[in-house]
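Below are the chains, spelled out letter by letter.
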Amino acid sequence: MTLEEKIGQLNLRGTSSRVKGTLPESLKKAVREGRIGAFLNVMNKEYVDELQRIAVEESPNKIPLIFSRDVIHGFKTIFPIPLGVAASWDEEVAKNSSRVAAIEASAFGVRWTFAPMLDIARDARWGRIAESPGEDPYLAKQMAKAYVEGFQGDSLSDPTSLIACAKHFIGYGAAIGGRDYNTAIISKEQLYNTYLPPFQSAFESGAQTVMTSFNEVNGVPASGDKELLSDILRKQLKFDGFVVSDWNSVTEMIAHGYAEDEKKAAEKAINAGLNMEMTSKSYEDNVQELLKEKKLSINQIDKLVADILRVKIRMGLFENPYRSKTGKLYDIKHLELAKEAAIKSSVLLKNKNNILPLDKNTKILIVGPLADKPREQLGTWTFDGDKNYTVTPVMSFRNHNANFEFIEGLTYSRDSSKKQFREVMSKAKKADVILFIGGEEAILSGEAHSRANINLPGVQEELIKELSRLKKPIILTIMAGRPITLQNIKNKIDGVLMTWHPGTMGGDAIYEMIYGVEEPKGRLPITWPKMAGQLPLYYNHKNTGRPASAKEFVHIDSIPIGAWQSSLGNTSHYLDAGYEPEFPFGFGLGYAAFKYSNLTLSTNKLTHNGNIIASVDVTNIGKRKGRELVQLYIQDVVGSITRPVKELKGYKRISLKPHEKKKVSFTIKLQDLKYYNNHLEYGVEKGKFNVWIGASSASKEKLEFIYE
């Protein structure tokens, strides 16, 4: 290969949405000369075929192109947003969603997706929390494995295989204040114990590419961080695919103040080990000169190119470069899986007096800005989803001849007009139950869509308060890309069902859950705050020297006027919000009720080669069959560095008939207790450990064991 052709393999070219109009001759010429290695957002199938034909028939070395796209939670058939999929706590849901996406996208020639996003996210203000697996490393590891296996399939060379890209490497979800693209400050022990595990899981599952994050970590932008990309990624994690920058993130090192110009940016990125530059042209414009100046070596370039070619070979592109033409869009099986995913992802947060499920004879008023919005229901990052295939709640209730009436009340989620309020109230007086379907439009979450206030936008709260004056049950169904704070209205509503943005089949899923054909099966993959001022908020936090407790907590309204100046409560809490969340990590209700009893350990001493069986009895004390997610948490009580108050170490799904009891057991091994200390020593220290098995991270009953 000539130097120009090598540099060409390092170039990812495309546009922010798709190549439109006629295929430019300049683009064809660049491919013909071997100056482009991959494309993104070329969604015209004829263009994909033509560009690939030129590459494999007319370019100097006949090297095929990779066509890429942001296929995040579906291509045509849209599944719940990734945060919703994480709420299923079900690896099959994640795997099915990515397999369906791969089958559909590959029909358009897309063989590389910029997913899964594996950023641990602990701040609901961050817009891209919608794409994340949530706040917990253990759960994120399970999701990472399932996504990669689904996207890539059984063989990378299968024409329906979609090469996965683990992103964003690393710490993007730790942006200060939840402001997108912002600085991340991450200690070594946090990096290794919290942020790296999902990526390691993705690599162990065969992920072929990695995307660098926009942010800097401890002063160095990720796209130019040699320690991250060479030492940790390549040497420690043994990654042997290739690394792509995020959109323009190489040249954005100039704005960061890390590179004075594009030439220096290219030098830093290549020295760090970044293989492919997305959209910006610092490599194309500067590598030859950097080689002449001996700022780079030809061996470095050869290594970067070899990494890319290795992946193309694994994909089977040299043998079969052309797109799959067998992928069926909106296949009935795909739609059924999407509906199932929406049900398994939905989290029932409140069900006062068991208002849900409703009887079929109940007269319902459906109201709210997202009740019949097919595009908004799909959520963020759905470039290719067709709203004409979306089933909204109103459509589904109508298709099933439900006993309901519908009025929007608000025309979009941010609507501040109250002009429909009078008509809404008139119709509500005739109803038995009000089903308010609100939340956020799709555009309010995702990249660059952080929010400081995460209440329901517009005047949705005002309409709910107005409706509450009728003293009729109100069920709030939320479609949103993040937790929504409910403090202003939580006492006005009887039921809360979080469906995230549920995707193409969300309407049928909501219909079935409202009437009890199915029960909501999701559990929270993130801690739900009372108010944005509590953020960042996560269950696996560290203790302080003065941990908060109910006994010591002092609420702002209980402080006497003229009180003596003192450290009220002397613990770590907010005077107004307290120290507990609205809903804890792992929380979720169903239509059955469960009792946990008889927590036991097979032994209270763990030996080096032994294990402990932790068990609990779970009984369905409800009146219908139900599904429960049983969760195991462990705390390392004392360590050479402080340890989290508890950490998720396992979970199991069980289904129980009324009055049925099952013993659920977990095997605790030494490996489950290992962590990295500040010296990056990985192991277990002798001492005491606490164990909880329960329905959420807020479970109280615990036992202890000793590792000697």
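Looking at an unreviewed UniProt entry, one finds the chain named beta-glucosidase and attributed to Tenacibaculum aiptasiae. For the record of the chain, the UniProt heading Sequence similarities (unreviewed entry) holds the text "Belongs to the glycosyl hydrolase 3 family." Annotation of the chain in UniProt includes, under Catalytic activity (unreviewed entry), the sentence "Hydrolysis of terminal, non-reducing beta-D-glucosyl residues with release of beta-D-glucose."

(A) Summary view of the overall build of the chain. Along its length, the chain carries 18 helices and 26 strands. Taken over C-alpha atoms, the radius of gyration comes to 26 Å for the chain, in line with the 27 Å a tight globule of 708 residues would show. Counting only C-alpha atoms, the chain reaches 75 × 65 × 55 Å along its principal axes. Approximately 27,500 Å² of the chain is accessible, and the part contributed by carbon and sulfur atoms is 48%.

(B) Summary view of the environment of Gly622. Inspection of the secondary structure puts Gly622 in the loop between β19 (611-620) and β20 (626-636). Counting along the chain gives 276 residues from Gly622 to Ser346, while the straight-line C-alpha distance between them is 20 Å. Not counting the four nearest positions on each side in its chain, Gly622 is found in contact with Ala593 and Pro658.

(C) Representation of the UniProt feature "domain: Fibronectin type III-like" (unreviewed entry) in the chain within the structure. UniProt tags residues 628-697 as "domain: Fibronectin type III-like" (unreviewed entry). Taken as a whole, residues 628-697 contains 0% helix and 57% strand, while its terminal C-alpha atoms sit 14 Å from one another.

(D) Quick look at helix α6 (residues 137-152). Across its 16 residues, α6 extends 22 Å between first and last C-alpha, which sits within 8% of the 22 Å expected from 1.5 Å per residue. In terms of burial, α6 is largely enclosed, as 12 of its 16 residues are buried. Looking at α6, one finds that the buried residues are Pro137, Leu139, Ala140, Gln142, Met143, Ala144, Ala146, Tyr147, Val148, Gly150, Phe151 and Gln152. Where α6 is buried, its residues contact α4 (82-87), α5 (91-106), β4 (112-113), α7 (188-195), α8 (197-204) and β21 (647-656).

(E) Summary view of the pattern of salt bridges. Going through the model one piece at a time under the given rule, you end up with 49 salt bridges. Note that Asp617 is salt-bridged to Lys663, the shortest N-O span being 3.3 Å. With Asp617 in strand β19 and Lys663 in strand β22 (residues 661-669), this residue pair connects regions lying 46 residues apart in the sequence. For Asp617, a relative accessible area of 10% translates into the label buried. Connected through shared salt-bridge partners, Arg32, Glu50, Arg53, Glu57 and Glu58 make up one network.

(F) Region of the structure containing the sheet that holds strand β14 (residues 433-439). The six strands are arranged β11-β16-β15-β14-β12-β13 in an open sheet whose pairing can be described as mixed. Single-partner strands in this sheet number two, and they are β11 (347-351) and β13 (404-407). Going across the sheet, the axis of each strand differs from the next one's by a mean of 15°, ignoring polarity. Of the strand pairs in this sheet, β11 and strand β16 (residues 495-498) are connected by four bridges, and their pairing is antiparallel. Each bridged residue has a counterpart across the sheet, and for Leu348 the counterpart in β16 is Leu497. With respect to the sheet, helix α17 (residues 460-468) is in contact with β12 (364-367), β14 and β15 (474-479), its orientation differing from that of β14 by roughly 170°.

(G) Region of the structure containing the sheet that holds strand β1 (residues 11-14). One open sheet accounts for five strands, arranged β4-β3-β2-β1-β10; its pairing is parallel. This sheet does not close on itself; its edge strands, each paired only once, are β4 and β10 (277-278). Inspection of the sheet shows β1 paired to β10 by two bridges, in the parallel sense. In the strand pairing of β10, Asn11 is matched with Glu277.

(H) View of a negative patch on the surface. A surface patch of like charges, here negative, comprises Glu260, Asp261, Glu262 and Asp285. With respect to the helices and strands, Asp261 occurs in the loop between α10 (253-256) and α11 (262-272). For Asp261, a relative accessible area of 36% puts it in the partly exposed group.

(I) Representation of the packing of aromatic side chains within the structure. In the structure shown here, the tally under the stated rule is 28 aromatic pairs. With centroids separated by 5.0 Å and ring planes inclined at 50°, the aromatic side chains of Tyr192 and Tyr676 adopt a geometry described as tilted. Highlighted residues: Tyr192 in helix α7 and Tyr676 in strand β23 (residues 675-676), separated in sequence by 484 residues. Classification of Tyr192 as buried rests on a relative accessible area of 8%. With relative accessibility at 21%, the residue Tyr676 sits in the partly exposed group.

Reading guide: rules and limits
- Along each chain, residues carry numbers from 1 onward, in the same order as the chain's sequence is written.
- Under the rules for a predicted model, residues below a pLDDT of 70 receive no local features and side-chain atom pairs below 80 are neither given nor counted, while totals for whole chains, interfaces and linings still include all residues.
- Hydrogens and waters are ignored; side-chain quantities use all the structure's heavy atoms.
- UniProt positions are given in the numbering used here, feature names are shortened, and annotations may be inferred rather than shown by experiment.
- Strands are runs of DSSP state E lasting at least 2 residues, helices are runs of H or I lasting at least 4, and numbering of each runs from the N terminus.
- Our radius of gyration looks at C-alpha atoms and nothing else; its globule reference is 2.2 Å times the residue count to the power 0.38.
- Here the Shrake-Rupley method, with its probe set to 1.4 Å, supplies the accessible areas, and only the displayed protein chains count as covering residues.
- The contact criterion used is simple: two residues touch if any of their non-hydrogen atoms lie within 4.5 Å.
- One fewer than the residue count of a helix, multiplied by 1.5 Å, yields its expected span.
- Burial status follows relative accessibility: with a 1.4 Å probe on protein chains alone, a residue under 20% of its type maximum counts as buried, one over 50% as exposed, and anything between as partly exposed.
- When a carboxyl oxygen of Asp or Glu lies within 4 Å of a side-chain nitrogen of Lys or Arg, that pair is called a salt bridge.
- A pair of strands is labelled paired if DSSP reports no fewer than 2 bridges between them.
- Fitted lines through C-alpha atoms serve as axes, helices being fitted only where they are in contact, and the angles separating the N-to-C directions of these axes extend from 0 to 180 degrees.
- Patch construction takes residues with relative accessible area above 30% that form no salt bridge. Like charges are linked within 9 Å, and nonpolar side chains (Val, Leu, Ile, Met, Phe, Trp, Tyr) are linked within 5 Å.
- When charges are counted, Lys and Arg are positive and Asp and Glu negative, with His and the chain ends excluded.
- Charge coordinates come from a single atom per side chain, which is NZ of Lys, CZ of Arg, CG of Asp or CD of Glu.
- Any pair of Phe, Tyr and Trp rings, taking the six-membered ring for Trp, is counted once the centres come within 6.5 Å. Such a pair is stacked with planes under 30 degrees apart, edge-to-face with planes over 60 apart, and tilted for the rest.

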